[in-house]
Amino acid sequence: MDYSPLRWVPDRCGAPTRHADGTRMNSTISPRANGLLASLGEDVWQRWASRLEPVALPSGRVLYESGVPMGHVYFPTTAIVSLLHVLEDGSSAEIAVVGREGLVGIALFMGGESTPSRGVVQIAGQACRVHAGFVKQEFDRSPEVMHLLLRYTQALITQIAQTAVCNRHHALDQQLCRWLLLRLDRIRGDELATTQEHIAGMLGVRREGVTEAALKLQAAGLIRYARGRIRVLDRPGLERRSCECYSVVSREYARLLER
């Protein structure tokens, strides 16, 4: 999937060019680097542009908590957000990942206001956020917005369902391939800053299992892991090593969100 950003003058969105801490935002990043925002027609975009607020998302920031009403919808441009299902004992596992192809906060326009899941920034970066009330208003007002957000929701549901099947039926090294590929689709480059402990928490498995799976992929010449960074050396090989879950999710996103 190619979600390359369109050329854009960021100040046209009517939002500030500095973060809350006073540092300048990256002026080369367009709000329309996000695939959903890029898909909005010009008439709709004119309504949205002044409502978009650029925000910096540090790693580990919680965008919404389980059971708590959401105040904003987030459209990542360079950040990656993990959606985690939280159990009563506080443990959690990743059910989906969101980057520049989508949004965080579907419960707002699906009528739920909150969910049992948690949204946590996994890879620091930037996003644009929009107030909840405006998104709900646009969902009811504009067939274009409604159909776009519903198509994205269907794609996200496919990812959630495929993740559940994959975690139940496929080998851990195949799960790790899927996990890595989904992130490569949402970043620029071939390297991820992460730890085996973090991956184990996302997949809901023991750290020792992730270590063994990573060593298998490294021995096959597919990745290199060192000092908390994973570099993908052979992406086509990683795709071949992965189970069908990655390709199923990728095809569905392309089918529903192609622009």
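Located above this text is the structure these notes cover.
Source: prediction; values computed, not measured.

## Let's talk about the overall build of the protein chain
Move 1: The helix and strand tally for the protein chain stands at ten helices and ten strands.
Move 2: Within the protein chain, buried positions represent 49% of all 259 residues.
Move 3: Surface exposure of the protein chain reaches about 12,100 Å², of which carbon and sulfur atoms provide 51%.

## Quick notes on the sheet that holds strand 6 (residues 117-123)
Move 1: Read from one edge to the other, the open sheet built from four strands follows the order 2-6-4-5, with strand pairing classed as antiparallel. Two strands in the sheet have a free side with no partner beyond their single neighbour: strand 2 (62-64) and strand 5 (92-98). Geometrically, the sheet is characterised by an average inter-axis angle of 35 degrees between neighbouring strands, direction not taken into account.
Move 2: Where strand 4 (residues 80-86) and strand 5 come together, six bridges link them in antiparallel fashion. Bridge pairing in strand 5 links valine 86 to serine 92.
Move 3: Of the strands in this sheet, strand 4 and strand 5 touch helix 5 (residues 143-169), which is tilted by about 140 degrees from strand 5.

## Observations concerning the packing of helix 7 (residues 196-203) against helix 8 (residues 207-219)
Move 1: Viewed as axis vectors pointing N to C, helix 7 and helix 8 meet at an angle of 110 degrees, and their least axial separation amounts to 8 Å. Our classification of the angle between helix 7 and helix 8 gives roughly perpendicular. Here helix 7 runs over helix 8; the crossing is right-handed. Of the residues in helix 8, those touching helix 7 at Gln196, Glu197, Ile199 and Ala200 are Arg207, Val210, Thr211 and Ala214.
Move 2: Per-class residue counts for the contact of helix 7 with helix 8 are four nonpolar, two polar and two charged.

## Considerations on the pattern of salt bridges
Move 1: According to the stated counting rule, one finds 14 salt bridges in the structure shown.
Move 2: One salt bridge in this structure joins arginine 141 and glutamate 138, with 3.6 Å as the shortest N-O distance. Of this pair, arginine 141 and glutamate 138 both sit in helix 4 (residues 132-141), three residues apart, which is roughly one turn of the helix.
Move 3: On the accessibility criterion, glutamate 138 (0% relative accessible area) is buried.
Move 4: When the shortest N-O distance is used, the salt bridge between arginine 235 and glutamate 239 registers 2.9 Å. Of this pair, arginine 235 and glutamate 239 both sit in helix 9 (residues 235-241), separated by four residues, roughly a single helical turn.
Move 5: What you see here is one network of salt bridges that share partners, running through Arg47, Glu138 and Arg141.

## Some words on the environment of arginine 51
Move 1: Structurally, arginine 51 is set in the loop between helix 2 (42-49) and strand 1 (53-57).
Move 2: Taking the C-alpha atoms as reference, arginine 51 lies 9.8 Å from valine 135; in sequence the two are 84 residues apart.
Move 3: Once you skip the residues sitting within four places of it in the chain, arginine 51 turns out to touch Arg129, Val130 and Phe134.

## Quick word on the sheet that holds strand 7 (residues 125-131)
Move 1: Taken together, the three strands give an open sheet; going across it, the order is 1-7-3, and neighbouring strands pair in antiparallel fashion. Lying at the two open borders of the sheet, with one neighbouring strand each, are strand 1 and strand 3 (72-76). The average angle at which neighbouring strand axes cross in this sheet is 40 degrees, direction not considered.
Move 2: With five bridges joining them, strand 3 and strand 7 adopt antiparallel strand pairing. Residue pairing across strands places proline 76 opposite alanine 127, the latter belonging to strand 7.
Move 3: Against the sheet, helix 4 engages strand 3 and strand 7, with an angle of about 70 degrees to strand 7.

## Overview of the packing of aromatic side chains
Move 1: A complete count under the given rule lists four aromatic pairs for this structure.
Move 2: A ring pair is formed by tryptophan 48 and phenylalanine 75, whose centres lie 5.9 Å apart and whose planes are at 80 degrees; its orientation type is edge-to-face. You can see tryptophan 48 sitting in helix 2 and its partner phenylalanine 75 sitting in strand 3, a full 27 residues away along the chain. The burial state of tryptophan 48 is the same as that of phenylalanine 75; both residues are buried.
Move 3: Over the aromatic face of tryptophan 179 sits the side chain of arginine 183, whose NZ or CZ is 3.8 Å from the ring centroid.

What counts, and at which threshold
Residues numbered from 1 in each chain as written. Predicted model: local features only at pLDDT ≥ 70, side-chain atom pairs only at ≥ 80, totals over all residues. Heavy atoms only, no water. Helix = DSSP H or I, 4+ residues; strand = E, 2+ residues; numbered from the N terminus. Buried < 20%, exposed > 50% of the residue type's maximum accessible area, 1.4 Å probe, protein only. Areas by Shrake-Rupley, 256 points an atom, 1.4 Å probe, with all protein chains shown as cover. Pairing = 2+ DSSP bridges. Axes fitted to C-alpha atoms, helices over the stretch in contact; angles between N-to-C directions. Contact = heavy atoms within 4.5 Å. Parallel < 35°, antiparallel > 145°, perpendicular 65-115°, else oblique. Left-handed = near helix turned anticlockwise from the far one by under 90°. Nonpolar A, V, L, I, M, F, W, Y, C, P; charged D, E, K, R; others polar. Salt bridge = Lys/Arg side-chain N within 4 Å of Asp/Glu carboxyl O. Phe/Tyr/Trp six-rings, centres within 6.5 Å; stacked < 30°, edge-to-face > 60°. Lys NZ or Arg CZ within 6 Å of the ring centre and 35° of its normal.

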